[in-house]
Amino acid sequence: MNVLIVHAHPEPRSFASALKDAAVSELTAAGHAVTVSDLYATGFDPRVSRADFTGAADPAYFEPQREQQDASEHDGFAPDVKAELERLFAADLVLFTFPLWWFSVPAILKGWFDRVLVMGAVYGAGKVHDTGGLGGRRALLVLTTGGLATGYGPGGRNGSLPALLAPIQWGTLHFSGFEVLAPFVAYGPARGGDDDRAAVLTVWRERLRGIEHETPERLAPPGA
């Protein structure tokens, strides 16, 4: 497989980064080709702007979706967006490694979604969900939380984790055509000891060894 890891954590020694590093080593050892987009390390700009494009469909009024559609049709993306799109379309599996911040992804990863999951190449004109432009590819959220697992289960004060992740899994990934694998969640790694974190990494590595054979989740719209 060709695997793309989109990594969003500013600290290389964080547990989210450890999950990313374990994925690189395990998948590479298994013979897969692995590419990493480390958003903080490369200084990825999360802001949608005219700088995303080499030209302008409408110089007088900036409408991002129209510009994305035009750039998709005329190879008009700026080098940083074009590079991410090439990595994305070359991938069979995309891992997103990040900490859960304010019950969502870090802003830099949201900006990656905004700038790279573009209208035209990825979605639009009938290309949504099962017909999305990223069909035939799989995606997996790999995340850490600040709270323990009990806070995200039945009756937990943080709410149901599947419900929290639905806007990302359904509204972003599935909408784009991805088949979505069950997320891998490391609950409260900062609250445990070295042995606890090592045990989580062991489970993660074991899962990665069979990742190409996993069955995607059966997702439905939130509230359906």
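Since the structure is predicted, the reported quantities are computational estimates derived from the model, not experimental observations.

Asker: Outline a nonpolar patch on the surface, listing residues and values.
Answerer: Nonpolar side chains collect at one region of the surface, where Tyr-40, Trp-101 and Trp-102 lie side by side and expose about 410 Å² of accessible area between them. Within the secondary structure, Trp-101 is located in the loop between strand S3 (93-99) and helix H5 (107-116).

Asker: Give a description of the environment of Arg-157 that names residues and reports values.
Answerer: Within the element layout of this structure, Arg-157 appears in the loop between strand S4 (138-144) and helix H6 (161-174). For the pair Arg-157 and Phe-178, spaced 21 residues apart in the sequence, the C-alpha separation amounts to 30 Å.

Asker: Tell me about the pairing of strand S1 (residues 2-7), and name the residues and values.
Answerer: S1 sits mainly inside the fold: 5 of its 6 residues count as buried. Relative to strand S2 (residues 33-38), S1 runs parallel, the two sharing 6 bridges. By the bridge assignment for S2, Val-6 is matched with Ser-37. The β-α-β motif built from S1, the intervening helix H1 (residues 15-29) and the parallel element S2 has right-handed crossover chirality. Where S1 and S3 come together, 5 bridges link them in parallel fashion. Each residue of the ladder has a partner; that of Val-6, found in S3, is Phe-96.

Asker: Could you give an account of the nonpolar core, naming the residues involved and the relevant values?
Answerer: One finds Leu-88, Phe-96, Leu-109 and Trp-112 to be the most contacted residues of the largest nonpolar core, which totals 38 residues. Looking at this core, the elements that each hand over two or more residues are S1, helix H4 (79-90), S3, H5, S4 and H6. In terms of residue count, H5 provides more of this core than any other element does, 5 residues in total. Among all residues touching Leu-109, those that are not within four sequence positions of it are Val-6, Ala-8, Leu-39, Phe-96 and Phe-98.

Calculation criteria
- Residues numbered from 1 in each chain as written.
- Predicted model: local features only at pLDDT ≥ 70, side-chain atom pairs only at ≥ 80, totals over all residues.
- Heavy atoms only, no water.
- Patch = residues over 30% accessible without salt bridge, like charges linked within 9 Å, V, L, I, M, F, W, Y side chains within 5 Å.
- Areas by Shrake-Rupley, 256 points an atom, 1.4 Å probe, with all protein chains shown as cover.
- Salt bridge = Lys/Arg side-chain N within 4 Å of Asp/Glu carboxyl O.
- Helix = DSSP H or I, 4+ residues; strand = E, 2+ residues; numbered from the N terminus.
- Buried < 20%, exposed > 50% of the residue type's maximum accessible area, 1.4 Å probe, protein only.
- Pairing = 2+ DSSP bridges.
- Right-handed = clockwise from strand over helix to strand, strands pointing away.
- Core = buried A, V, L, I, M, F, W, Y, C linked by side-chain atoms within 4.5 Å.
- Contact = heavy atoms within 4.5 Å.

By themselves these figures say nothing about function.
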